[in-house]
Amino acid sequence: MSEVQRKKYSDQEKNNIFDNEFMPHIDSMYNFAYRLTFDEDDAKDLVQDTYLKAYRFINSFEQGTNAKAWLFRILKNSFINDYRKKSKQPAKVDYQDVETYYNSEDVDYSITTDLRVDAVKDMIGDEISNALNSLAVDFRTVIILCDLEGFTYEEMAKILDIPIGTVRSRLHRARNLLKDKLRSYAQNMGYKTDEDE
């Protein structure tokens with residue numbers, strides 16, 4: 001259907017589509033959002049924003065097509081827009097927290113912590129999750145979409161708005177990066193690696 005021929009759904013049809021085609025994917029949406037943001041609250045906000053946009057623009061959804069791919073594309077675009085918006089803002093620091101920390105007697109000035117690592121260290125104990133999370137967002141995204149969520153290359157190309165050749169090459173590079181990061185872990189677990197041969 002073209003934009004001109006797009007059907008206007010009644011309120012009941014909108015609610016039906018939302019409940020039956022969109023809501024079953026909420027767990028997958030949250031998992032993808034969490035893998036992008038590394039923060040539970042940000043992931044929940046991103047999923048909520050995605051579902052609000054999906055409902056708002058439900059008339060542009062063609063019933064019977066891949067609702068999951070449509071939702072993932074909205075989520076990915078929302079993440080990118082938020083990321084761009086945040087990257088243009090200066091970093092915010094609560095001066096009171098900094099002052100309290102450095103005025104305390106427990107401070108060790110030789111240690112500077114990466115707050116991103118500190119925030120997720122108790123949530124992620126798995127070597128594979130750590131390796132996946134250490135990949136750049138473009139590589140992490142294709143691994144999640146293909147290997148964890150099971151999207152086809154064609155669906156991934158639509159979600160990410162990139163050519164299918166780029167999907168394939170990015171996925172190949174991402175898998176090689178992941179393989180390199182997990183090589184020593186695999187050896188410790190008793191698996192043969194390219195290095196062993």
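Quantities reported herein were computed from a predicted structural model and do not represent experimental measurements.

S.K.: Explain the nonpolar core to me, please; I cannot follow it from the model alone.
M.R.: Soluble globular proteins tend to pack their nonpolar side chains together in the buried interior. Core analysis: the biggest nonpolar cluster contains 43 residues, and Phe22, Leu75 and Leu145 have the highest contact counts within it. Those elements that provide at least two residues to this core are helix H1 (11-22), helix H2 (26-37), helix H3 (40-56), helix H4 (67-88), helix H7 (127-133), helix H8 (137-148), helix H9 (153-160) and helix H10 (164-188). Tallying contributions element by element places H4 first for this core, with seven residues. Taken together, domain 1 (11-86) and domain 2 (95-196) each give at least three residues to this core, which thus spans both.

S.K.: Just to check I follow, could you spell out the confidence of the model for the protein for this structure?
M.R.: Regions with low pLDDT carry predicted coordinates that are not meant to be interpreted in detail. In this model, the protein carries a mean pLDDT of 82, and residues with pLDDT of at least 70 account for 77%. Confidence, read as mean pLDDT per element, is least for helix H6 (residues 115-120) in the protein (44) and greatest for H3 (95).

S.K.: I would appreciate a short explanation of H2 in the present structure.
M.R.: Note that an α-helix has 3.6 residues per turn; residues three or four places apart therefore point the same way. Here H2 contains 12 residues, and its C-alpha end-to-end distance of 16 Å stays within 8% of the 16 Å for a straight helix at 1.5 Å per residue. Within H2, burial applies to Ser28, Met29, Phe32, Ala33, Tyr34, Leu36 and Thr37. Count one or two residues on from H2 and you reach phenylalanine 38, which has phi positive near 60 degrees.

S.K.: Before we go on, may I ask you to explain the pattern of salt bridges in this structure?
M.R.: Once their charged atoms are close, side chains differing in charge can pair, the charge on each being opposite to the other. One pass over the full model with this rule turns up five salt bridges. Of the charged contacts, one joins lysine 68 and glutamate 149 as a salt bridge, the two residues approaching to 3.3 Å between their closest N and O atoms. Residue lysine 68 is located in helix H4, and its partner glutamate 149 is located in the loop between H8 and H9; the two are separated by 81 residues in the primary sequence. Lysine 68 gets classed as buried once you look at its relative accessible area, which sits at 16%. Where aspartate 147 meets arginine 175, a salt bridge forms, and the shortest distance between an N and an O atom there is 2.6 Å.

The rules we used
- Residues numbered from 1 in each chain as written.
- Predicted model: local features only at pLDDT ≥ 70, side-chain atom pairs only at ≥ 80, totals over all residues.
- Heavy atoms only, no water.
- Core = buried A, V, L, I, M, F, W, Y, C linked by side-chain atoms within 4.5 Å.
- Buried < 20%, exposed > 50% of the residue type's maximum accessible area, 1.4 Å probe, protein only.
- Helix = DSSP H or I, 4+ residues; strand = E, 2+ residues; numbered from the N terminus.
- Domains from an automatic or database assignment.
- pLDDT = per-residue confidence, 0-100.
- Expected span 1.5 Å × (residues − 1).
- Salt bridge = Lys/Arg side-chain N within 4 Å of Asp/Glu carboxyl O.

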